[in-house]
Amino acid sequence: IKFHDIDSILELRKKIMHKEIIKSNILKISTIVLTFLFFIQISFSQNNSNQKPPKKTWKILIRNDKSSEENFTLVGKTIVENDFQIEKKDKEFLSIQTSAKNLEKLNALYYFNLLMKDSLIILTGMSKINLTLNYGGVTSESSYDKIINKGMSGSIARESFNEMWKFALLIPKSEYEFITD
């Protein structure tokens, strides 16, 4: 082997090593970029469903890309598919009220009012203690109060709001805003 051939072989080997290093770096950079894009996608695809509604929230705005009529149908199906009943529905004003439902583990009732618009569903609710008082022949029942995110964990107010928030999360591909007192 000639000295000139050895130099050529060494030069060729350097070029091959250089190309391998470049390929390796491109692969590392590609992996980093794809990982970054993956985490961005996960963050945005959650549609803020992991948001914690602020205290004193009484109205949840559910934003999506559907027409008011599509939202009316979507809400009706969601109500029926999730063991609720429809008490009242108004196709002219695109509103639905659910029937009163027992609040599990508590002696209370709650129901939801939903108003559908283009790209928006407005969710509010009412709850009450399921209690009747009889005093001197006069019977008095408790009245419904607006559902508000307040009270301690396990309270009727908090648990009613938790049910309202769970219902809001049943509406797919939505974003949420909260109206507080």
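Just so we're clear, the structure is a prediction, and the values are computed from it rather than from any experiment.

Asker: Sorry if this is basic, but what is going on with the overall build of the chain here?
Answerer: Along the backbone of the chain there are three helices and 10 strands. Reading the secondary structure of the chain in the N-to-C direction produces α-β-α-β-β-β-β-β-β-β-β-α-β. Its C-alpha atoms give the chain a radius of gyration of 30 Å, clearly above 16 Å, the size a compact globule of 181 residues would have. Structurally, the chain occupies a C-alpha span of about 120 × 40 × 30 Å along its principal axes. Of all 181 residues assigned to the chain, the portion counted as buried reaches 28%. Across the chain, the fraction of contacts at a sequence separation of at least 24, relative to all contacts at a separation of at least 6, is 54%. Within the structure as shown, the chain displays about 12,700 Å² of accessible surface, and the carbon and sulfur contribution to it stands at 58%. Once the 26 positive and 21 negative side-chain charges of the chain are each reduced to a mean point, those two points are 6 Å apart.

Asker: So what exactly am I meant to see when it comes to a nonpolar patch on the surface here?
Answerer: On the surface, a cluster of nonpolar side chains totalling about 270 Å² of accessible area is made up of Ile129, Leu131 and Leu133. The residue Leu131 is located in the loop between strand S6 (120-129) and strand S7 (132-135) in this model.

Asker: Mind showing me how you'd approach the pairing of strand S2 (residues 86-90) here?
Answerer: It is a general feature of regular strands that their side chains alternate between the two faces of the sheet. One ladder, built from four bridges, connects S2 with strand S3 (residues 95-98); its direction is antiparallel. Bridged to Asp90 within S3 is Ser95. As consecutive antiparallel partners, S2 and S3 are separated by four residues, and within that stretch Leu94 has a phi angle of approximately 50°, a positive value.

Asker: Just to check I follow, could you spell out the pattern of salt bridges for this structure?
Answerer: Once the charged atoms of two side chains with opposite charge are near each other, the side chains can pair. For the structure shown, the criterion picks out four salt bridges. Here Lys146 ties to Asp181 by a salt bridge, and the two come within 3.7 Å at their closest N and O atoms. Placement of the pair is Lys146 in strand S9 (residues 145-146) and Asp181 in the segment after strand S10 (175-180), with a sequence separation of 35 residues. Since its relative accessible area comes to 57%, Asp181 is described here as exposed. As a salt-bridge pair, Lys166 and Glu163 come within 3.1 Å of each other at their nearest N and O atoms. Taken together, the residues Lys166 and Glu163, both in helix H3 (residues 156-169) and three residues apart, mark about one turn of the helix. Classification of Lys166 by relative accessible area gives partly exposed; the value is 49%. When its relative accessible area of 21% is taken as the criterion, Glu163 is described as partly exposed.

Asker: Is there a simple way to think about the nonpolar core in this case?
Answerer: The nonpolar side chains of soluble globular proteins are, as a tendency, buried together. Counting residues in hydrophobic clusters, the biggest one holds 26 residues, and the most contacted among them are Ile60, Ile62, Val75, Phe112, Leu114, Met116 and Leu123. Counting residues per element, the ones that place at least two in this core are strand S1 (57-63), helix H2 (68-81), strand S5 (108-117), S6, H3 and S10. With residues near it in sequence (within four places) discarded, Val75 still touches Ile96, Leu114, Met116, Ile121 and Ile171.

Asker: How should I be thinking about H3 in this particular structure?
Answerer: For an α-helix the count is 3.6 residues per turn, leaving residues at separations of three or four pointing the same way. A rise of 1.5 Å per residue sets the reference length of H3, with its 14 residues, at 20 Å; its end C-alpha atoms lie 20 Å apart and thus fit the reference within 8%. Buried within H3 are the following residues: Arg158, Ser160, Phe161, Met164, Trp165, Phe167 and Ala168.

Asker: Which parts of the structure should I look at to understand the confidence of the model for the chain?
Answerer: Interpretation of the predicted coordinates at a detailed level should be avoided for regions scoring low in pLDDT. On average, the chain scores 87 in pLDDT, and the residues at 70 or more come to 90%. S3 holds the highest mean pLDDT among the elements of the chain, 98, whereas helix H1 (residues 3-45) holds the lowest, 74. For residues 42-48, every residue scores under 50 in pLDDT, and the model assigns this stretch seven contacts once sequence neighbours within four places are set aside.

Asker: Honestly, unusual backbone geometry in this entry has me stumped. Any pointers?
Answerer: Both trends apply: most residues other than glycine have a negative phi, and most peptide bonds are in trans. In this model, Lys105 sits at a positive phi of 70°, which is unusual for a non-glycine residue. Residue placement: Lys105 occurs in the loop between strand S4 (101-102) and S5. Here Lys173, not a glycine, exhibits a phi torsion of approximately 50°, which is positive. Topologically, Lys173 is positioned in the loop between H3 and S10. Judged by its relative accessible area of 73%, Lys173 is exposed.

Rules used throughout
- Residues numbered from 1 in each chain as written.
- Predicted model: local features only at pLDDT ≥ 70, side-chain atom pairs only at ≥ 80, totals over all residues.
- Heavy atoms only, no water.
- Helix = DSSP H or I, 4+ residues; strand = E, 2+ residues; numbered from the N terminus.
- Rg over C-alpha atoms; globule rule 2.2 N^0.38 Å.
- Buried < 20%, exposed > 50% of the residue type's maximum accessible area, 1.4 Å probe, protein only.
- Contact = heavy atoms within 4.5 Å.
- Areas by Shrake-Rupley, 256 points an atom, 1.4 Å probe, with all protein chains shown as cover.
- Lys, Arg positive; Asp, Glu negative; His and termini not counted.
- Charge placed at Lys NZ, Arg CZ, Asp CG, Glu CD.
- Patch = residues over 30% accessible without salt bridge, like charges linked within 9 Å, V, L, I, M, F, W, Y side chains within 5 Å.
- Salt bridge = Lys/Arg side-chain N within 4 Å of Asp/Glu carboxyl O.
- Pairing = 2+ DSSP bridges.
- Core = buried A, V, L, I, M, F, W, Y, C linked by side-chain atoms within 4.5 Å.
- Expected span 1.5 Å × (residues − 1).
- pLDDT = per-residue confidence, 0-100.

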